[in-house]
Amino acid sequence: MELRHLRYFVAVAQEGHITRAAERLHIAQPPLSQQIKDLEREIGAALLVRHPRGVTLTDAGRAFLADAEAVLASVARAADHARRTARGESGRIAVGFTTSAPFHPLVARAIREFRASRPNVSFVLEESSSGDLVAGLRSERLDVAFIRSGLADPAGLAVHALLQEDMMAALPVRHRLARRPRLVLRDLAEETFILYRRPDGRGLYDVIIAACAEAGFSPQVGQDAPRIVSTLNLVAAGLGITIVPASLSRLPLEGVRYRPLVGKPALKVPLNLACRADERSGATLGFVDLVRRMA
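On a predicted model such as this, the values are computed, not experimentally measured, just so you know. (Residues numbered from 1 in each chain as written. Predicted model: local features only at pLDDT ≥ 70, side-chain atom pairs only at ≥ 80, totals over all residues. Heavy atoms only, no water.)

## Digging into the overall build of the chain
Next, step 1: From N to C terminus, the chain includes 9 helices and 12 strands.
Next, step 2: Principal-axis analysis of the C-alpha atoms places the extent of the chain at approximately 105 × 40 × 30 Å.
Next, step 3: Buried positions account for 45% of the 295 residues belonging to the chain.
Next, step 4: Pairs at least 24 apart in sequence give 73% of the contacts found in the chain among residues at least 6 apart.
Next, step 5: Summing over all exposed atoms, the chain offers an accessible surface of approximately 15,000 Å²; the carbon and sulfur share of this is 51%.
Next, step 6: Across the chain, the 40 positively charged side chains and the 31 negatively charged ones have centroids separated by 5 Å. (Helix = DSSP H or I, 4+ residues; strand = E, 2+ residues; numbered from the N terminus. Buried < 20%, exposed > 50% of the residue type's maximum accessible area, 1.4 Å probe, protein only. Contact = heavy atoms within 4.5 Å. Areas by Shrake-Rupley, 256 points an atom, 1.4 Å probe, with all protein chains shown as cover. Lys, Arg positive; Asp, Glu negative; His and termini not counted. Charge placed at Lys NZ, Arg CZ, Asp CG, Glu CD.)

Pasting the structure below:
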């Protein structure tokens, strides 16, 4: 039994006439009659009662018609789902991001706008270190990842540069430098730094260390922390100062004051979007395109 047998039978049942059904199906009447007889033999029951001017359904025919219509409707839905998925209108996107990335408004805005235009695409979100995110892309656990650095080994992956974000100093609220409206990096030369633990925050860590070296000093790192929020909590406790992407200044944290860093060197950190170079998912490719256009 093939799908065409179901389509032939449904057409005959709906038309109540084999000749009219044949015209609707664009086939000759004798082959259609033979196909219906073959179907009845396979089922082992008469589906139609033949009359000189048409056909009517037997009880078995009525039962078979309901199921045949349901099967054909299910096949149509499956085909439509496949087409919509190929066009990127439905599916699933697993998005990874480093600890600092989701604070940038681009990330939330891109997800929100993509979901508004393609409501049948679902998102799975994961926060992790850059190394784990890259591993997730290669193992196909993730589809895209917002990261703060390039890749030492980009084989098989594509990294799209989105933007360069300014960095800001985060100070304890009663710190002497918190009274200034803006700072230069050299102002922090004598301060105790609290930085993100290098394996988890390599991109930001490297940017800060390199900028301090360019400013003529090596930062005194008193403590590290695995997450930006943890780092800011230590700043609030008065254990030191830190430098964070400007988007984190939107995070109101009692006991912390953010101050822009001006002058040379210009302290910026990248925000990049990584995905597999051979990505074929319509939804994922559509999301990557949207993010790049928004950036």
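Anyway, onward from the coordinates.
## Side note on the pairing of strand β4 (residues 120-127)
Next, step 1: In this structure, strand β3 (residues 90-97) lies alongside β4, joined through 8 bridges in parallel fashion. Its bridge partner lying in β4, Ala94 is registered against Val124.
Next, step 2: Crossover handedness for the path β3 to helix α5 (residues 105-117) to β4: right-handed. (Pairing = 2+ DSSP bridges. Right-handed = clockwise from strand over helix to strand, strands pointing away.)

## Focus: the nonpolar core
Next, step 1: Counting 36 residues, the largest nonpolar core has Leu171, Leu185, Leu188, Phe193, Ile243 and Leu261 as the members making the most contacts within it.
Next, step 2: Those elements that place two or more of their residues in this core are β6 (157-172), β8 (192-196), α7 (202-214), α8 (228-236), β10 (242-245) and β11 (256-262).
Next, step 3: Of the residues forming this core, the biggest block, 5 residues, is contributed by β6.
Next, step 4: Excluding residues within four positions of it along the chain, Phe193 makes contact with Leu188, Cys212, Phe217, Pro219, Gln220, Val221, Gly222, Gln223, Ile241 and Ile243.
Next, step 5: Core analysis: the next-biggest nonpolar cluster, separate from the first, contains 23 residues, Ile93, Val144, Phe146 and Cys275 among them. (Core = buried A, V, L, I, M, F, W, Y, C linked by side-chain atoms within 4.5 Å.)

## Re helix α4 (residues 59-86)
Since the α-helix turns once every 3.6 residues, residues separated by three or four places project in the same direction.
Next, step 1: Across its 28 residues, α4 extends 41 Å between first and last C-alpha, which sits within 8% of the 40 Å expected from 1.5 Å per residue.
Next, step 2: Among all positions in α4, only Gly61, Phe64, Leu65, Ala68 and Leu72 are buried.
Next, step 3: If you follow the buried residues of α4, they end up packed against α1 (3-15), α3 (29-43) and β2 (54-57).
Next, step 4: The positive-phi residue at the C-terminal boundary of α4 is Gly88, with phi of around 80 degrees. (Expected span 1.5 Å × (residues − 1).)

## Here's the deal with the environment of Asp278
Next, step 1: Take Asp278: it is sitting in the loop between β12 (268-276) and α9 (282-294).
Next, step 2: Separated by 55 residues in the primary sequence, Asp278 and Gln223 have C-alpha atoms spaced 41 Å apart.

## With respect to α1
Next, step 1: For α1, with 13 residues, the first-to-last C-alpha span of 18 Å sits near the 18 Å given by 1.5 Å per residue.
Next, step 2: Inspection of α1 places His5, Leu6, Tyr8, Phe9, Val10, Ala11, Val12 and Ala13 among the buried residues, and these make up the whole buried set.
Next, step 3: If you follow the buried residues of α1, they end up packed against α2 (18-25), α3, β1 (48-51), β2 and α4.
Next, step 4: Trailing α1 by a residue or two, Gly16 shows a phi angle of about 70 degrees, which is positive.

## Describing the packing of α1 against α2
How two helices pack is summed up by the angle between their axes together with the distance between the axes.
Next, step 1: The geometry of α1 relative to α2 is characterised by a closest axis approach of 8 Å and an angle of 125 degrees between their N-to-C directions. One element, α1, and the other, α2, form an angle in the oblique class. As α1 packs across α2, the resulting crossing turns out to be right-handed. Judged by residue contacts, Arg7, Tyr8, Ala11, Val12, Gln14 and Glu15 of α1 engage Ile18, Arg20, Ala21, Arg24 and Leu25 from α2.
Next, step 2: Classifying every residue of the contact of α1 with α2 gives 6 nonpolar, 1 polar and 4 charged. (Axes fitted to C-alpha atoms, helices over the stretch in contact; angles between N-to-C directions. Parallel < 35°, antiparallel > 145°, perpendicular 65-115°, else oblique. Left-handed = near helix turned anticlockwise from the far one by under 90°. Nonpolar A, V, L, I, M, F, W, Y, C, P; charged D, E, K, R; others polar.)

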